[in-house]
Amino acid sequence: MPQQKDIVKIAIQMPGAYPQLIQLDQKKPLTAVIKEVCDKWSLSDPENHALQYADGVQSYITESGCSAEDLYKGIQSLDAGVRCESLKELASFSTDITFAQEFISRDGHSLLVKIVEDASEAPLIMTHTLTAFMELMDHGIVSWENLSSLFITKIASFVNMKVQDASIQQVSLAILESMVLSSNSLFNHVKLEITLERLISHLQVTNQQLQTKAMALLMALLQAGGEAERQELFEYLDKKHLRQYIYKNIIHSSTSAGDEMTHYLYVLQTLRLNLLEHRMRTPLDSYSQDQREMLHGLRQAAFEMESEGNLSSERRHSLCAKEFKKLGFSNNSNPGQDLSRCPPGLLALDTMAYFSSRYPDAYSRFVLENSSREDKHECPFARSSIQLTLILCEILRIGEPPSETRSDYHPIFFAQDRLLEELFCICIQLVNKTWKEMRATQEDFDKVMQVVREQITRTLSSKPTSLELFKNKVNALNYSEILKLRQTERLHQEETLAPPVVELKERLKPELLDLIRQQRLNRLCHGTLFRKISSRRRQDKLWYCRLSPNHKVLHFGDVEEDAETPSIEALQDKIPVADIKNVLTGRDCPHMKENKGKQTKEMLDLAFSIMYDVEEYSLNFIASSRTDFCLWTDGLSVLLGKEMSSDSMRSELDILLSMEIKLRLLDLENVPIPDMAPPIPKPPSNFNFCYDFSQAEQ
């Protein structure tokens, strides 16, 4: 007897007959089951009958069926109604590979090819024919290479015709796409047959499905060709204003683009940006006259040129080196070496040249403004430009082939012809703005560029649709806003941490704060060079301050410009730490009150004072950078037994906590951490157990 689990009850129906409810023994051969069903309905030749699912995808359960034969005959009927119905059913059934194999084995697909080549059927019949053909070909049973030139020409004509049924055009576009992607010979054939102008016109219609199929074929043509063919095709598309058509009729359409269309927009963006890959991976050639002229053009656009013809070779070389240094090149005697790194290679030179010619006033302002700053505080244009170009290449994924699944295109790409260059022009000015907001020095270069990367990434993620919108958003996202966002995200991340991890962080904090305190005191012991600010605002006098190794005395005194780090004995003045009563910052400092109205915001943010001897006397400081300000105010707070409160301390504590937590949890990767500690098991009823090693050795 068969086991109960192998028996299932199923309902079987057949047109024109009462349904059967049978007990199906899954251990029986399928042919035996079909024979039993046919016997109950008195049907002969059970080998030509099949079981087919009635719900969902109506696929066949057997390897052969009479439906293939019936439809093969039906599409050859002289009755147009029978042909139409047969082709409609064929289009539906052809999704099943078993049916497709049966139909193709009868050479049924050749009948469909003949119908297309004759092109005499009504639009509805032709639509069903093309749909059925496409479904059959999708199984890969028949090669696309076997198709005749006449067939390809007919399919292309359906796309090229101005007056044509939209359904026929949609399926024809899909067939041509498959041809193009199947082989290089078919790509060349389709490229000759298709009219690109008509293909672009299909993107201007309101029918989204037709738009999508037209875009799919266009992307197939772009991807299947070589680099030269792709470049040529893009040049033609530019002349026909493809970008403007997409921007107007797809991106700004009243209905949102579907998933398939957004993928093709991403592919188009990727292929177009990848035309820049060659420049990105090519270093500057010092023997190239054009490249040398571009490089010197940057210098000439930034500075008023005196007549170089009257200068000696040595004097001219010295002048060029000086100006290239002002431009921010690291190797000012041979600036081409700065552009030898790939990526970004020559692309960095292209973006700088574009900025200097497209926005000459902004370019000159950037260079001259930083030329007038101290060397330590100037934002180097060339170095920033090279790094910014690299950042933009990474964000825009230049050089990466299109993914088959991605659809994250940038609407702003379709708003202008030169996305990379225009983004660069906005973002290089953002670099200068952020540099000033962070009061950065040369040592902070990498930190500034990380913030700029974050500003750009966050702004692009909001999908701005125009350059103006991007510019407004990225400039509104200043350094303080970035810090706020980071803090909010950090707090949110902490909220989602498992309670044991949060508890571990709290336990680690005191130890790490002690580490930061020690570092601050060590920095004070090493000492720092400060500038004296007189009422005439001269900054030529320097003085040095450092803490004694026993942390009990502050030593300070005047030093020369190029003097080495002075020893404690060389510093004549001192203040016992025990006499320090308070530390003031900003406007509260005595030297800021004395010069009220003359100090800049930068000076206010870097000023601090030590009050000592019942606050009758003060030692006044103006730090050279925000980093020094934070180190000294934190260190003095530690000496006075107060809590450190600087932004630098909070940032360092977060970094140390994050690193320590990651190290502690390395062994628990992919192991879920419970919210509560597991319960301690109950103690045993007695503790009369032990292991006697002496007996074990015997």
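Residues numbered from 1 in each chain as written. Predicted model: local features only at pLDDT ≥ 70, side-chain atom pairs only at ≥ 80, totals over all residues. Heavy atoms only, no water.

A. Expanded view of the overall build of the protein. Along the protein, the regular secondary structure elements total 30 helices and nine strands. Buried residues in the protein amount to 44% of all 698 residues. Of the accessible surface of the protein, which amounts to about 38,600 Å², a share of 50% is contributed by carbon and sulfur atoms. (Helix = DSSP H or I, 4+ residues; strand = E, 2+ residues; numbered from the N terminus. Buried < 20%, exposed > 50% of the residue type's maximum accessible area, 1.4 Å probe, protein only. Areas by Shrake-Rupley, 256 points an atom, 1.4 Å probe, with all protein chains shown as cover.)

B. Layout of the sheet that holds strand β8 (residues 607–612). Strand order in this open sheet of three strands is β7-β8-β9, and the pairing throughout is antiparallel. Pairing within the sheet leaves two strands with one partner each, and these edge strands are β7 (580–585) and β9 (617–622). With strand direction ignored, the average angle separating the axes of adjacent strands in the sheet is 20 degrees. Inspection of the sheet shows β7 paired to β8 by five bridges, in the antiparallel sense. Paired with Leu584 across the strands is Ser609, a residue of β8. Relative to β8, helix α28 (residues 626–639) is tilted by about 25 degrees, and along the sheet it contacts β7, β8 and β9. (Pairing = 2+ DSSP bridges. Axes fitted to C-alpha atoms, helices over the stretch in contact; angles between N-to-C directions. Contact = heavy atoms within 4.5 Å.)

C. Molecular detail of the domain arrangement of the protein. Here the protein is described as being made up of domain 1 (7–49), domain 2 (111–280), domain 3 (283–304 + 316–490) and domain 4 (511–650). One C-alpha centre belongs to domain 2, the other to domain 4; they are set 71 Å apart. (Domains from an automatic or database assignment.)

D. Helix α22 (residues 445–461), seen in detail. The end-to-end C-alpha distance of α22, which contains 17 residues, comes to 24 Å, matching closely the 24 Å that a straight helix rising 1.5 Å per residue would cover. Along α22, the residues that are buried comprise Phe445, Val448, Met449, Val451, Val452, Glu454, Gln455, Ile456, Thr459 and Leu460. After α22 finishes, the residue Lys463 shows a positive phi value of roughly 55 degrees. (Expected span 1.5 Å × (residues − 1).)

E. Inspection of helix α19 (residues 360–371) at higher detail. In this model, α19 (12 residues) spans 16 Å end to end at C-alpha, consistent with the 16 Å of a helix rising 1.5 Å per residue. Those residues of α19 that fall on the buried side of the exposure criterion are Ala362, Tyr363, Phe366, Val367 and Asn370. Taken end-on, α19 shows its buried residues confined to a sector of 125 degrees, consistent with a single buried face. Contacts made by the buried residues of α19 are with α16 (289–302), α17 (313–326), α18 (346–358), α20 (381–395) and α21 (419–437). (Arc of directions from axis to C-beta.)

F. Main features of the nonpolar core. In terms of nonpolar packing, the biggest core is built from 137 residues, with Met179, Leu327, Leu388 and Ile456 touching the most fellow members. Counting residues per element, this core draws most heavily on α21, which supplies 11 residues. In this view, Leu327 contacts Leu298, Arg299, Ala302, Phe303, Tyr363, Val367, Pro380, Phe381 and Ala382; residues no more than four positions away in its chain are not counted. (Core = buried A, V, L, I, M, F, W, Y, C linked by side-chain atoms within 4.5 Å.)

G. Spatial organisation of empty space enclosed by the protein. Using the criterion set out here, one finds three cavities of 30 Å³ or more in the structure. Taken as a whole, the largest cavity encloses approximately 60 Å³ of empty space. Considering the residues around the largest cavity, the lining is formed by Phe187, Lys191, Ile194, Leu196, Leu221, Glu229, Arg230 and Leu233. Residue assignment for the lining of the largest cavity shows that the elements contributing at least two residues are α9 (184–193) and α12 (227–239). The leading source of residues in the lining of the largest cavity is α12, at three residues. The residue makeup of the lining of the largest cavity, split by class, is five nonpolar, no polar and three charged. (1 Å grid on protein atoms, 1.4 Å probe; cavity = no way out; pocket = protein on both sides within 12 Å on 5 of 7 lines; lining within 4 Å. Points joined across faces, edges and corners; volume = space filled by probe spheres on them. Nonpolar A, V, L, I, M, F, W, Y, C, P; charged D, E, K, R; others polar.)

H. Representation of unusual backbone geometry in the model. Here the residue pair Cys342 and Pro343 is connected by a cis peptide bond, since its omega of -15 degrees sits within 30 degrees of zero. The residue Pro343 is located in the loop between α17 and α18 in this model. With omega at 10 degrees, the peptide bond leading from Pro343 into Pro344 counts as cis. Within the secondary structure, Pro344 is located in the loop between α17 and α18. Of note in the backbone geometry, Asp107 takes a positive phi value of approximately 65 degrees without being a glycine. Secondary-structure assignment places Asp107 in the loop between α4 (97–105) and α5 (108–118). Under the relative-accessibility criterion, Asp107 is labelled partly exposed at 39%.

I. Spatial organisation of the sheet that holds strand β6 (residues 573–576). Sheet architecture is open: four strands sit in the order β3-β4-β5-β6, paired in antiparallel fashion. If you trace the sheet from one side to the other, it starts and ends with β3 (528–531) and β6, each paired once. Averaged over neighbouring strand pairs, the angle between their axes works out to 25 degrees when direction is ignored.

J. Looking closely at the packing of aromatic side chains. One pass over the full model with this rule turns up 25 aromatic pairs. When the centroid spacing of 6.0 Å and the interplanar angle of 80 degrees are considered together, the rings of Phe133 and Trp144 count as edge-to-face. On the criterion of sequence distance, the pair formed by Phe133 in helix α6 (residues 123–137) and Trp144 in the loop between α6 and α7 (149–160) is long-range, its members being 11 residues apart. Look at Phe133 and you get buried, because its relative accessible area is 1%. For Trp144, a relative accessible area of 11% corresponds to the buried category. Taken together, the aromatic side chains of Phe530, Trp543, Phe556, Phe608, Phe621, Phe629 and Trp632 make up a single cluster linked through ring pairs. In this structure, Arg299 packs its charged tip against the face of Phe324, placed 5.9 Å from the ring centre. (Phe/Tyr/Trp six-rings, centres within 6.5 Å; stacked < 30°, edge-to-face > 60°. Lys NZ or Arg CZ within 6 Å of the ring centre and 35° of its normal.)

K. Looking closely at the pattern of salt bridges. Counting across every chain of the model gives 31 salt bridges. In this structure, Asp605 and Arg439 form a salt bridge, with 2.1 Å as the shortest nitrogen-oxygen distance. Taken together, the positions of Asp605 in helix α27 (residues 601–606) and Arg439 in the loop between α21 and α22 put the pair 166 residues apart, joining distant regions of the chain. Connected through salt bridges with shared partners, the residues Glu69, Lys73, Glu102 and Arg106 form a single ionic network. (Salt bridge = Lys/Arg side-chain N within 4 Å of Asp/Glu carboxyl O.)

L. Spatial organisation of the packing of α16 against α17. The interhelical angle for the contact between α16 and α17, taken along N-to-C directions, is 75 degrees, at an axis separation of 10 Å. Taken together, the axes of α16 and α17 lie roughly perpendicular to each other. Along its contact with α16, which presents Leu295, His296 and Arg299, the element α17 presents Cys320, Glu323 and Phe324. Its residues placed into classes, the contact of α16 with α17 shows three nonpolar, one polar and two charged. (Parallel < 35°, antiparallel > 145°, perpendicular 65-115°, else oblique.)

M. Focus on the packing of α20 against α22. Relative to each other, α20 and α22 sit at 35 degrees, their axes nearing to 11 Å. The chirality of how α20 crosses α22 is right-handed. Taking contact as the criterion, the partners of Arg383, Ser384, Gln387, Leu388, Ile391, Leu392, Glu394 and Ile395 in α20 are, on α22, Phe445, Met449, Val452, Arg453, Ile456, Thr457 and Leu460. In terms of residue class, the contact of α20 with α22 is built from nine nonpolar, three polar and three charged. (Left-handed = near helix turned anticlockwise from the far one by under 90°.)

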